[in-house]
Amino acid sequence: MKAKKLCVFCGSRVGNDPIYAQSALDLAQLMVQNNFSLVYGGGSVGIMGVMANYLMENNGEVIGVIPHFLMDQEVGKIDITQLILTNTMHERKAQMAEIADAFAILPGSIGTMDEFFEILTWRQLGLHQKPIVLLNVNGYYNSLQNLIQQFCQFDFIDKSVLQYIHFTNTPNELIEYLLLLRQTH
């Protein structure tokens, strides 16, 4: 696996604890150091903006994918390596998935969960074989991890789905995991 293009699903807000933006910044620094490009939702705000700004300021590659209606609301980031405009949110996710070599899920809300569950569903259906890594900053995704295990416990999904998701606690663990996969594939 040559995880050069990391698709990051994350918040359009920074949250109420500085640790979330700091973790995004730490991940962006590690991405630059390890030659990862950022594929993301094309926004200029929140954790998305934090990451895109850092990569652009440090000669990283940033590929944003955003629907026209969000550009019209002036939340799109135009000073990036490449900005791809789509017609719908679904086209946005499909385009990001096509470009990416791996997926990282950072703290976010409904949109981030939508992106995560869709990409996980596509993996379960065999539509891609790309790694999915959740960055569980400060226990942010503990409840999600329990919910997915509950889905298995009540037999609504097969336990094999658990092998498609890797939880990490720090940006360093996330990058180390992807680098390990890169070496073994």
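For clarity, every value in this text was computed on a predicted model and none was experimentally measured. (Residues numbered from 1 in each chain as written. Predicted model: local features only at pLDDT ≥ 70, side-chain atom pairs only at ≥ 80, totals over all residues. Heavy atoms only, no water.)

How should I be thinking about the overall build of the chain in this particular structure?
Along its length, the chain carries 7 helices and 7 strands. The linear arrangement of helices and strands in the chain, starting from the amino end, is β-α-β-α-β-α-β-α-β-α-β-α-β-α. What you see for the chain is a C-alpha radius of gyration of 16 Å, in line with the 16 Å of a compact globule of 185 residues. Buried positions account for 48% of the 185 residues belonging to the chain. Contacts in the chain between residues far apart in sequence, at least 24 positions, make up 70% of those at least 6 positions apart. By element, 50% of the accessible surface of the chain is carried by carbon and sulfur atoms, the whole surface being about 9200 Å². With 11 positive and 17 negative side-chain charges, the chain shows a spacing of 6 Å between the two charge centroids. (Helix = DSSP H or I, 4+ residues; strand = E, 2+ residues; numbered from the N terminus. Rg over C-alpha atoms; globule rule 2.2 N^0.38 Å. Buried < 20%, exposed > 50% of the residue type's maximum accessible area, 1.4 Å probe, protein only. Contact = heavy atoms within 4.5 Å. Areas by Shrake-Rupley, 256 points an atom, 1.4 Å probe, with all protein chains shown as cover. Lys, Arg positive; Asp, Glu negative; His and termini not counted. Charge placed at Lys NZ, Arg CZ, Asp CG, Glu CD.)

How do you make sense of the packing of helix α1 (residues 18-33) against helix α2 (residues 46-57) when you look at a structure like this?
A packed helix pair is summarised by two numbers, namely the angle formed by the two axes and the spacing between the axes. Contact pair α1 / α2: the axes reach a minimum separation of 9 Å and the direction vectors enclose 30°. Judged by the angle between their axes, α1 and α2 are roughly parallel. As for the relative orientation of α1 and α2, their crossing is right-handed in sense. Side by side, α1 and α2 meet where Y20, A21, A24, L25, L27, A28, Q29, M31 and V32 of the first sit next to I47, V50, M51, Y54 and L55 of the second. Taken together, the residues of the contact of α1 with α2 sort by class into 13 nonpolar, 1 polar and no charged. (Axes fitted to C-alpha atoms, helices over the stretch in contact; angles between N-to-C directions. Parallel < 35°, antiparallel > 145°, perpendicular 65-115°, else oblique. Left-handed = near helix turned anticlockwise from the far one by under 90°. Nonpolar A, V, L, I, M, F, W, Y, C, P; charged D, E, K, R; others polar.)

Looking at this model, I keep getting lost on the layout of surface pockets. Mind explaining?
Over the atoms a probe the size of a water molecule is rolled, and this reveals where empty space is left. Empty space within the largest pocket amounts to approximately 560 Å³. Going through the elements one at a time, β1 (5-9), α2, α4 (89-99) and α5 (110-124) are the ones with two or more residues in the lining of the largest pocket. If one sorts the elements of the lining of the largest pocket by residue count, α5 sits on top with 4 residues. Residue composition of the lining of the largest pocket, grouped by class: 15 nonpolar, 10 polar and 4 charged. (1 Å grid on protein atoms, 1.4 Å probe; cavity = no way out; pocket = protein on both sides within 12 Å on 5 of 7 lines; lining within 4 Å. Points joined across faces, edges and corners; volume = space filled by probe spheres on them.)

Sorry, what's going on with the nonpolar core here?
L6, M31, L38, M51, L106 and L174 are the most contacted members of the largest nonpolar core, which totals 30 residues. If you list the elements that add at least two residues to this core, you get β1, α1, β2 (37-40), α2, β5 (102-105), β6 (132-135) and α7 (171-184). Dropping the residues within four chain positions of it, M51 is found in contact with V8, A24, L27, A28, M31, L38 and L106. Residues A97, W122, L144 and C152 belong to the second largest nonpolar core, which totals 27 residues. (Core = buried A, V, L, I, M, F, W, Y, C linked by side-chain atoms within 4.5 Å.)

Please clarify how α2 should be interpreted in this entry.
What sets the pattern is the α-helix's 3.6 residues per turn: residues three or four places apart point alike. Helix length check: α2 (12 residues) gives 17 Å between terminal C-alpha atoms against 16 Å at 1.5 Å per residue, within 8%. Looking at the buried residues of α2, the elements they touch are β1, α1, β2 and β3 (62-67). Just downstream of α2 lies N59, where phi reads positive at about 60°. (Expected span 1.5 Å × (residues − 1).)

Teacher, can you tell me more about the pairing of strand β7 (residues 165-168) here?
Note on strand geometry: in a regular strand, side chains alternate between the two faces of the sheet. Bridge count between β6 and β7: 4 bridges; the pairing is parallel. What sits directly across from V133, in β7, is H166. A crossover links β6 with its parallel partner β7, the connecting element being helix α6 (residues 142-153), and its sense is right-handed. (Pairing = 2+ DSSP bridges. Right-handed = clockwise from strand over helix to strand, strands pointing away.)

What exactly am I supposed to notice about the environment of I148 here?
Positionally, I148 belongs in helix α6. Among residues more than four places away in sequence, those in contact with I148 are F116, I157, L162 and I165.

When you look at the sheet that holds strand β4 (residues 82-86) in this model, what are you seeing that I'm missing?
The 7 strands are arranged β4-β3-β2-β1-β5-β6-β7 in an open sheet whose pairing can be described as parallel. The open sheet has two edge strands with one neighbour each: β4 and β7. Shown here is a sheet whose adjacent strand axes are inclined to one another by a mean of 25°, direction ignored. Where β5 lies against β6, 3 bridges are found, and the strand directions are parallel.

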